[in-house]
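The primary structure of each chain is shown beneath.
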Amino acid sequence: MSIVPPSYRWIDTPQALDDACANVAHADVIALDTEFFRENSFYPVPALVQFAYDDTAYLVDPLAVECTVAFQDLLTGPAVKLLHASSEDLDVFQRWAGALPSPLIDTQIAQGFLGDNPGMGYQKLVAHWTGEVLPKEETRSNWLERPLSQAQCEYAALDVIYLVKVWAQQKVQLESLGRLAWIAQECQAVVEQAHTENADQWFIRQRLLWRLTPRQIEAYRLMTLWREAETRRRNLPRNWLVGDKLLFAIAEAMPKNRYELAAVEGVKPPLVKKEGDTLLALVRQAYEAAPEALPHAWPDPARPPFKPLFKALKKAVVTQADILGVAPEMLMRRRDIERLVMQSMADEPLALPKGWRGEYLNERIQEALKENRQ
């Protein structure tokens, strides 16, 4: 089915933005999207902000106009804000508008609660619900160029216009399944998480922590913590400063001086010159940490007792997901399963899921852990 060219208005003055906000102020659902550039910075550079509630989209040029109070009020007002795959868009709103859209509905998350791939892309989502195929040609175009082409503007407008159409149908299905409260809880958690920077937890994303001793893990943790703070301060991509793989190699080697640091595979002279003293100081801090202050050793995921406990918990999650007709990762991510196994092995209090997840999973989780620790 061919797509009808959308109606849109270009917004590049504060007054035009305020007028556009007034036009949608009565809406109970507002679709949002952004285009941005993030190739050479930690923070996204806003290139376009789109919103709509009917068949007309408003395209805001953030290079020409600063966010106004009226738009901030729109973001935080009572209307439901629709986004698809919202995490990076939330970064843009935080940077440009100084506010996050709430209450939020992420249509990608909503689709996960309807039994489909929780990572479904926007074009596939639109085709699934409307039978129409949106153009893809402008996906990777330069959104910072001015003026934008008509094709770019139409692409950006369609992204928000069809979001309203998709949610209207998703909502009916979710309501029939009694899952509107689920999506509300989930999306509120997404907004709350966007308010916080979990830099201190970046190190646990590393899949090979089990290869390190507790002291090496502490060195890796300290270096990732430093790197997160520095990339934000300098507004650089993480890998432009130093990547995870290289920090892991340094933690394995635990170098005591610049000569040993330079001998680590992948370490180049510029890194030693610019950041060597800092990295060595962090390694030394890990060397000097009291044993009781060190992180737990991470078990080998391929060996007992971790492996059978993980398999038992994963089975419990998959079984419940099948009963509910949702993707297992919508119930519990692999990282969260691993954390529960670690807590069980260390006889620590379990960080059991809350809300609707807890209702369906907690009893199964505790039974699986009990049966497999006997």
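Here the structure is shown first, and the text comes after it.
Here's a quick rundown of the structure.

**A look at the packing of helix α13 (residues 306-324) against helix α16 (residues 355-372)**
Link 1 in the chain: Axis separation between α13 and α16 bottoms out at 9 Å; the angle between their running directions is 150 degrees. Here α16 runs roughly antiparallel to α13, going by the angle between their axes. Considering only the axes of α13 and α16, their crossing is right-handed. Facing P308, L309, A312, L313, A316, V317, T319, Q320, I323 and L324 of α13, the residues of α16 in contact are Y360, L361, R364, I365, A368, L369 and N372.
Link 2 in the chain: Tallied by class, residues from the contact of α13 with α16 come to 13 nonpolar, three polar and one charged.

**Points about helix α1 (residues 14-24)**
In an α-helix, one turn spans 3.6 residues, which is why side chains three or four residues apart end up on the same side.
Link 1 in the chain: For α1, the complete set of buried residues consists of L17, A20, C21 and V24. What you see down the axis of α1 is that its buried residues fit within an arc of 100 degrees, all on one side. In this structure, α1 carries Q15 and A22 as exposed residues pointing more than 90 degrees from its buried face.
Link 2 in the chain: Buried positions along α1 lie against β1 (7-11), β2 (29-37), β3 (45-52), β4 (56-60), α2 (69-76) and α3 (87-96).

**Quick word on the pattern of salt bridges**
Link 1 in the chain: Considering all chains together, one arrives at 20 salt bridges under this definition.
Link 2 in the chain: Its salt-bridge partner being R146, residue D61 comes within 2.7 Å of it at the nearest N-O pair. Pair noted here: D61 is in the loop between β4 and α2 and R146 is in the loop between α5 (122-130) and α6 (150-176), with a separation of 85 residues, a long-range link.
Link 3 in the chain: Relative accessible area serves as the criterion here: at 30%, R146 is assigned to the partly exposed category.
Link 4 in the chain: If you follow the salt bridges from partner to partner, you end up with R227, E228, R232, R238 and D244 in one network.

**Thoughts on the pairing of β4**
Link 1 in the chain: Taking burial as the measure, the five residues of β4 include five buried ones, the bulk of the element.
Link 2 in the chain: With burial as the criterion, each face of β4 is covered, one bearing T56, Y58 and V60 and the other bearing A57 and L59.
Link 3 in the chain: As paired strands, β3 and β4 are joined by four bridges and run antiparallel to one another. Each bridged residue has a counterpart across the sheet, and for V49 the counterpart in β4 is V60.
Link 4 in the chain: What sits between β3 and β4 in their antiparallel hairpin is a turn of three residues.

**Remarks on unusual backbone geometry**
Link 1 in the chain: Note that the residue after S102, namely P103, is joined by a cis bond; omega there is -5 degrees.
Link 2 in the chain: With respect to the helices and strands, the residue P103 is situated in the loop between α3 and β6 (104-106).
Link 3 in the chain: Positioned with a positive phi, A85 is a non-glycine residue whose angle comes to about 50 degrees.
Link 4 in the chain: In this structure, A85 sits in the loop between β5 (80-83) and α3.
Link 5 in the chain: According to the relative accessible area criterion, A85 is partly exposed, its value standing at 33%.
Link 6 in the chain: In the Ramachandran plot, M254 falls in the positive-phi region, its phi being about 45 degrees despite a non-glycine side chain.
Link 7 in the chain: Structurally, M254 is set in the loop between α10 (244-253) and α11 (258-262).

Reading the values: the criteria
Within any chain, residue numbers begin from 1 and follow the written order of that chain's sequence. In view of the model being predicted, local features appear only for residues whose pLDDT reaches at least 70, and side-chain atom pairs are presented and counted only at 80 or more, with totals across whole chains, interfaces and linings using the full set of residues. Calculated side-chain values reflect all of the structure's heavy atoms, with hydrogen atoms and water omitted. Fitted lines through C-alpha atoms give the axes, limited to the stretch in contact for helices. The angle between two N-to-C directions lies from 0 to 180 degrees. Going along the chain from the N terminus, every DSSP run of H or I of four or more residues is numbered as a helix, and every run of E of two or more is numbered as a strand. Relative orientations are named as follows: roughly parallel for angles under 35 degrees, roughly antiparallel for angles over 145 degrees, roughly perpendicular for angles from 65 to 115 degrees, and oblique for any other angle. Left-handed describes a crossing in which the near helix is turned anticlockwise from the far one by less than a right angle; the clockwise case is right-handed. Should any heavy atoms of two residues lie within 4.5 Å, those residues are considered in contact. Residues are sorted three ways: Asp, Glu, Lys and Arg are charged, Ala, Val, Leu, Ile, Met, Phe, Trp, Tyr, Cys and Pro are nonpolar, and all the rest, Gly among them, are polar. The rule is simple: take the accessible area with a 1.4 Å probe, protein chains only, and divide by the maximum for that residue type; under 20% is buried, over 50% is exposed, in between is partly exposed. Here the arc refers to the set of directions running from the helix axis out to each C-beta atom. Salt bridge, as applied in this entry: a Lys or Arg side-chain nitrogen positioned within 4 Å of an Asp or Glu carboxyl oxygen. Any two strands with at least two DSSP-identified bridges between them are counted as paired.

Fair warning: the whole summary comes from geometry, so function is off the table for now.
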